[in-house]
Amino acid sequence: MSRRPRQGGYGPNTDREWSQKTYHHPAAAWGAALSVGKVILTQREPIAGPLSTLQMNHPITGYDCPGCAWPDDQHGLRLDICENGVKHVTWEMTRKRVGPWFFAAHTVSELAEWTDFELENAGRLTDPMVYDADLDRYVPISWDAAFAMIGEELRALPTPDAATFYTSGRLSNESSYIYQLFMREFGTNNMPDCSNMCHEASGRALGASIGTGKGTTSMQDWAEADLLFLLGVNAASNAPRMLTALAKMVRSGAQVVHVNPLVEIASTKTIVPHDIVDMALFKSHRTGSWDLQVAPGGDMALMRAIAKVVFEAAATDPAALDRDFLAEHTVGFDEYRALVEATEWDELVTASGLSEAQLRRAGQLYLAADKTIISWCLGVAQHEHAVDMIREFMNVLLLRGNIGRPGAGPAPVRGHSNVQGNRTCGINHHSPAALLDALDAHHGITSPRTPGLDTVNSIEAMHRGDVRVFIALGGNFVLAAPDTDYTAAALSRCSLTVQVSTKLNRSHLVHGRKALILPCLGRTEVDIQRDGPQGQTVEDAMSMVHVSYGKKQPASEALRSEPEIIARMARATLPQSKIPWESYIDNYDRIRDDMAVVLPGFAGFNELIKNPTGFRIPQPARERVFTTASGKAQFSHAPLATAAHAPEPDMLVLQTMRSHDQWNTTIYANNDRYRGVKNIRELIFMNAADMAERGIADGSLVDIVSTSKDGSQRELRSYRAIAYNTPKGSAAGYMPEMNVLIGHADYSAQSDQPLAKSIHVRVTPARASNGGRLK
Ligand SMILES: Nc1nc2c(c(=O)[nH]1)N[C@H]1C(S)=C(S)[C@@H](COP(=O)(O)OP(=O)(O)OC[C@H]3O[C@@H](n4cnc5c(=O)[nH]c(N)nc54)[C@H](O)[C@@H]3O)O[C@H]1N2
Ligand SMILES: Nc1nc2c(c(=O)[nH]1)N[C@H]1C(S)=C(S)[C@@H](COP(=O)(O)OP(=O)(O)OC[C@H]3O[C@@H](n4cnc5c(=O)[nH]c(N)nc54)[C@H](O)[C@@H]3O)O[C@H]1N2
Ligand SMILES: [Mo]
């Protein structure tokens, strides 16, 4: 049965008045402390909540924050926490439980009417459950029977490629490794992951430019840099611990340039989140020196303009370019120079949405700086030409040798806490041959060599009926993926869907003919196996790996760890397998011993993790070793991508982003503090002139119709239009509600990433009002 997920209204139901006014306080600070208090209260964790945060991000004894991937501050206070990390942990530690009694009381059709807030807020899943179509309910199943069902379904498939295995980026390194090992022994590379919607473009661009798909900077580099371009990230909400680094940089005299169509709070000032004295004294620090309000997708033109300024200066100043670096370490420089010189200033102005004066000043800042970091997140990575854009960032860095030396380099801001580690450990639908060769040699298997399906292609394959089993290690696929209705229909066509989860979410309600919910331990919970308590590792956005031990009593005795669930799925599917699945479960050191042999940079893994601050995975580009085909860093020569203009004059370019009170598809409350929003998520921020042209009053209800690349249309009705400082022609609203507007054809040809930052929409006054909430 295909259930249509609710339209809009994914946050808590509220009758309270909505409002929006400009926010005038520094980021973090007391508003953050208050908001944390509220989440701790609603989750009924008044004492354990605050105590457990004291163990978060503690070297060796503590657990890694399951929130974002920003590195821990290794200096000063050995406690690096933030408001959103605390909320995240408290949400996992709730005392509320979703056990068999809960499912006995609610049919799946009934639960499908709940908001996403209500689903997750029901509490932690406690027991394995199976869908019973006659009752339209989930009913208990034993772990053995659940694994047997998975094994039977997978073995009955006509080909291993008729199954697809999703990963959300919080899965540990050890779990990721055995998960991909299982898939490869089974015989498929179908590994969609959240990276396919997140930083796929960054990985591809960096791989092509410098040989490895990761950033090269460390926290020390951030402290030493004298210029930072920070593009397309809402740091105060999504990487709040970065505020500390930004404040330090500005204080030390560095230039911090925020590039964003919106002026986000992180570009102004903060009260350093973990500095108790600053909190008490209301002492705030500046976190930005300049805002550049680019047009959506205008970032590439900004970078090309900076390069143009560098080339103009190089005519008279030999020091403008790092000629030694260029000669020794790069290829493609002359063509790039010709390309940039042939680009006219007025093209750059139109393509960036910035004035020539602003573009020139950005170039002058770059010339004046000795050490530059370019950092970016989804505002860049989710565009059609993201790979070209990010390669252009690399071109600019290469011109002045800003890589492989202190204080300089590229720094993608990763999302989920271990999304980078997932890839390092082999979760990749298109893994390099070297990794597959090493896997085969060590484990005696034959990994398939044909690339597998990523997220958008898995959805298409389920739709066609080519893929019939969908297994998800975490995440909330149906809401995170584009084109919610289409994705829901795709999942409903499967013969089996399996969700390994901590909390109830929409993806449990949109399921295949057979469906399993397998509840797992969270990162905060103690994991006891035969050989004693087990820890697992994660890799942060700066390639640091450290071990994490849960502390808390598990939410239920029936919970199993992710490594155990994966290993038992593998054994049930591959009874003859020679891989020691059972022994992996007893002691995760054995998984790490195998990883130490197979994965580059992991030799001595079990010893390395005894270091309190963990260890850094070697990143060759950081040492100026470029593992590209040419052995050098490669300039790209892509045509200039212009700002993401809508195809028709009456259309707007809509970006979908996170509010302050959410973690991807998990909504904590209907507020977005730094954008001044209270009690509403069904909104669209618009430029006041665009509203006036359409006869839309501030705060009134509108209908939003999107037009996909394939010409099909989708709509959201009765959203509130709010006048906001966003460039004319652009608009903004929240994911995941707005995913219904992204057509399944709307993904980047360069990266396969859904175009979540450039949806083409028409906005008109609402046809009929029902108070803004539709089902
Ligand atoms: N609290 C919290 N933390 C999180 C998450 C969460 O949901 N909640 N999610 C995690 C995940 S998985 C990820 S990937 C990251 C996401 O972190 P972000 O990238 O900050 O996520 P978004 O909310 O999508 O914000 C996108 C930003 O890019 C800007 N932008 C949009 N279009 C453009 C453009 O064309 N150019 C430029 N320069 N900027 C643009 C938007 O205005 C916005 O500031 O955060 C991680 N951290
Ligand atoms: N329109 C639009 N869509 C987007 C984006 C956007 O900017 N705009 N961003 C995209 C991005 S960057 C990402 S990363 C994806 C996010 O996509 P996902 O990673 O799929 O989604 P999350 O909302 O992070 O997943 C939340 C669920 O994870 C489960 N969970 C939590 N902790 C654990 C755990 O420890 N173990 C297990 N097994 N499960 C756990 C819980 O059941 C919870 O309901 O969304 C993408 N979708
Ligand atoms: Mo992400």
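Residues numbered from 1 in each chain as written. Chains lettered and ligands numbered in written order. Predicted model: local features only at pLDDT ≥ 70, side-chain atom pairs only at ≥ 80, totals over all residues. Heavy atoms only, no water.

With an unreviewed UniProt entry as reference, the protein chain is termed Formate dehydrogenase, source organism Mycolicibacterium brumae. For the protein chain, the Sequence similarities (unreviewed entry) comment in UniProt is given as "Belongs to the prokaryotic molybdopterin-containing oxidoreductase family." (UniProt positions renumbered as here; feature names shortened; annotations may be inferred.)

Draft legend 1. Seen up close, the overall build of the protein chain. On a plain count of helices and strands, the protein chain comes out with 31 helices and 33 strands. Across the protein chain, the fraction of contacts at a sequence separation of at least 24, relative to all contacts at a separation of at least 6, is 79%. Only carbon and sulfur atoms are counted for the fraction: they give 54% of the accessible area of the protein chain, which is about 26,100 Å². (Helix = DSSP H or I, 4+ residues; strand = E, 2+ residues; numbered from the N terminus. Contact = heavy atoms within 4.5 Å. Areas by Shrake-Rupley, 256 points an atom, 1.4 Å probe, with all protein chains shown as cover.)

Draft legend 2. Examining the sheet that holds strand β5 (residues 129–132) more closely. Strand order in the open sheet made by the six strands is β6-β5-β18-β17-β16-β7, with mixed pairing throughout. Every interior strand has two partners, whereas the edge strands, β6 (137–140) and β7 (163–167), have only one. Going across the sheet, the axis of each strand differs from the next one's by a mean of 20°, ignoring polarity. Of the strand pairs in this sheet, strand β17 (residues 496–501) and strand β18 (residues 514–519) are connected by six bridges, and their pairing is parallel. Residue S501 lies in a different strand from β18, and its bridge partner there is P519. (Pairing = 2+ DSSP bridges. Axes fitted to C-alpha atoms, helices over the stretch in contact; angles between N-to-C directions.)

Draft legend 3. Examining the nonpolar core more closely. In terms of nonpolar packing, the biggest core is built from 62 residues, with F229, L231, L302, I374 and L399 touching the most fellow members. Sorting elements by how many residues they give to this core places helix α14 (residues 299–314) first, with 12 residues. Within the second largest apolar cluster, 61 residues are counted, among which are I150, A163, I427 and A567. (Core = buried A, V, L, I, M, F, W, Y, C linked by side-chain atoms within 4.5 Å. Buried < 20%, exposed > 50% of the residue type's maximum accessible area, 1.4 Å probe, protein only.)

Draft legend 4. Local environment of the sheet that holds strand β30 (residues 701–707). Around the barrel, six strands lie side by side as β25-β32-β29-β31-β30-β33; this closed barrel has mixed pairing. Sheet twist, expressed as the mean angle between neighbouring strand axes with direction ignored, is 45°. By the bridge criterion, two bridges tie strand β29 (residues 683–686) to strand β32 (residues 730–734) in an arrangement that is antiparallel. The residue bridging M686 from the neighbouring strand is A731, located in β32.

Draft legend 5. Spatial organisation of helix α27 (residues 562–573). Spanning 12 residues, α27 covers 16 Å between terminal C-alpha atoms, matching the ideal 16 Å at 1.5 Å per step. Buried residues dominate α27, accounting for 10 of its 12 residues. (Expected span 1.5 Å × (residues − 1).)

Draft legend 6. Structural view of the site of ligand 2. Surrounding ligand 2, one finds 31 residues, the nearest of these being E120, Y166, E562, T665 and N739. One of the side-chain N or O atoms of S168 is found 2.7 Å from an oxygen atom in ligand 2. Side-chain polar atom of R170 to a nitrogen atom of ligand 2: 3.0 Å apart, as the coordinates give it. For ligand 2, whose free accessible area comes to 930 Å², the fraction covered by protein is 96%. Across the shell around ligand 2, the residue classes break down as 12 nonpolar, 13 polar and six charged. Split by domain, the shell around ligand 2 shows at least three residues from each of two domains, domain 2 (97–198 + 418–599) and domain 4 (652–765). (Near = heavy atom within 4 Å. Polar contact = N/O pair within 3.5 Å; in protein donor to acceptor, adjacent residues only side chain to side chain. Nonpolar A, V, L, I, M, F, W, Y, C, P; charged D, E, K, R; others polar. Domains from an automatic or database assignment.)

Draft legend 7. Looking closely at the site of ligand 1. N260, E264, G297, D299 and N664 are the nearest of the 30 residues found near ligand 1. In this structure, N260 approaches ligand 1 through a side-chain N or O atom, which is 2.7 Å from an oxygen atom. The contact in question runs from an oxygen atom of ligand 1 to an N or O atom on the backbone of G379, over 3.3 Å. Of the residues belonging to the shell around ligand 1, the class tally is 12 nonpolar, 14 polar and four charged.

Draft legend 8. Inspection of the pairing of β6 at higher detail. With four bridges connecting them, β5 and β6 associate as antiparallel partners. Within β6, the residue paired with V130 across the bridge is V139. Hairpin connection from β5 to β6: four residues lie between these consecutive antiparallel strands, with D136 at a positive phi of about 55°.

Draft legend 9. Expanded view of the pattern of salt bridges. For the coordinates displayed, the defined rule picks out 37 salt bridges. One salt bridge connects D586 with R530, and the closest N-O pair in it is separated by 3.7 Å. Of this pair, D586 sits in helix α28 (residues 581–586) while R530 sits in the loop between β19 (528–529) and β20 (532–533); the two residues are 56 residues apart in sequence, bridging distant segments of the chain. Relative accessible area serves as the criterion here: at 17%, D586 is assigned to the buried category. Across the salt bridge formed by K610 and E607, the nearest N and O atoms sit 2.9 Å from each other. Both residues of the pair, K610 and E607, belong to the exposed class. (Salt bridge = Lys/Arg side-chain N within 4 Å of Asp/Glu carboxyl O.)

Draft legend 10. Broad picture of the environment of A314. Mapped onto the elements, A314 comes out in helix α14. Of the residues examined, A314 reaches a relative accessible area of 8% and is grouped as buried. Not counting residues up to four positions away in its chain, the partners in contact with A314 are A320, L321, R323 and R337.

Draft legend 11. Structural view of the pairing of β5. Pairing geometry for β5 and β18, over two bridges, is antiparallel. Residue V130 lies in a different strand from β18, and its bridge partner there is L516.

Draft legend 12. A look at the packing of α14 against helix α20 (residues 386–399). Axis separation between α14 and α20 bottoms out at 9 Å; the angle between their running directions is 20°. Comparing the axis directions of α14 and α20 gives the class roughly parallel. When you trace α14 past α20, the crossing you get is left-handed. Facing D299, M300, M303, R304, I306, A307, V310 and F311 of α14, the residues of α20 in contact are D388, M389, E392, F393, V396 and L399. Classifying every residue of the contact of α14 with α20 gives 10 nonpolar, no polar and four charged. (Parallel < 35°, antiparallel > 145°, perpendicular 65-115°, else oblique. Left-handed = near helix turned anticlockwise from the far one by under 90°.)

Draft legend 13. Summary view of the packing of aromatic side chains. In total, this model carries 24 aromatic pairs according to the counting rule given. Aromatic pair F311 and F333: ring centres 5.8 Å apart, planes at 55°, arrangement tilted. One end of the pair, F311, is in helix α14; the other, F333, is in helix α16 (residues 333–341), with 22 residues separating them in the sequence. Across the pair, F333 and F311 agree in class, each one buried. Measuring from centroid to centroid gives 6.3 Å for F685 and Y734, while their planes differ by 85°, and the two rings are edge-to-face. In this pair, F685 sits in strand β29 while Y734 sits in strand β32, placing the two residues 49 residues apart along the sequence. On the accessibility criterion, F685 (0% relative accessible area) is buried. Ring-pair connections join several aromatic residues into one group, and the members of that group are F102, F103, W114, Y131 and Y138. (Phe/Tyr/Trp six-rings, centres within 6.5 Å; stacked < 30°, edge-to-face > 60°.)

Draft legend 14. Up close: the confidence of the model for the protein chain. Within the protein chain, residue pLDDT values average 90, and 90% of them lie at 70 or more. Scored below 50 in pLDDT, residues 74–79 shows 12 contacts in the model against residues more than four places distant or in partner chains. Per-residue pLDDT stays below 50 along residues 770–775; that stretch engages in 15 contacts with residues further than four places along the chain or on separate chains. (pLDDT = per-residue confidence, 0-100.)

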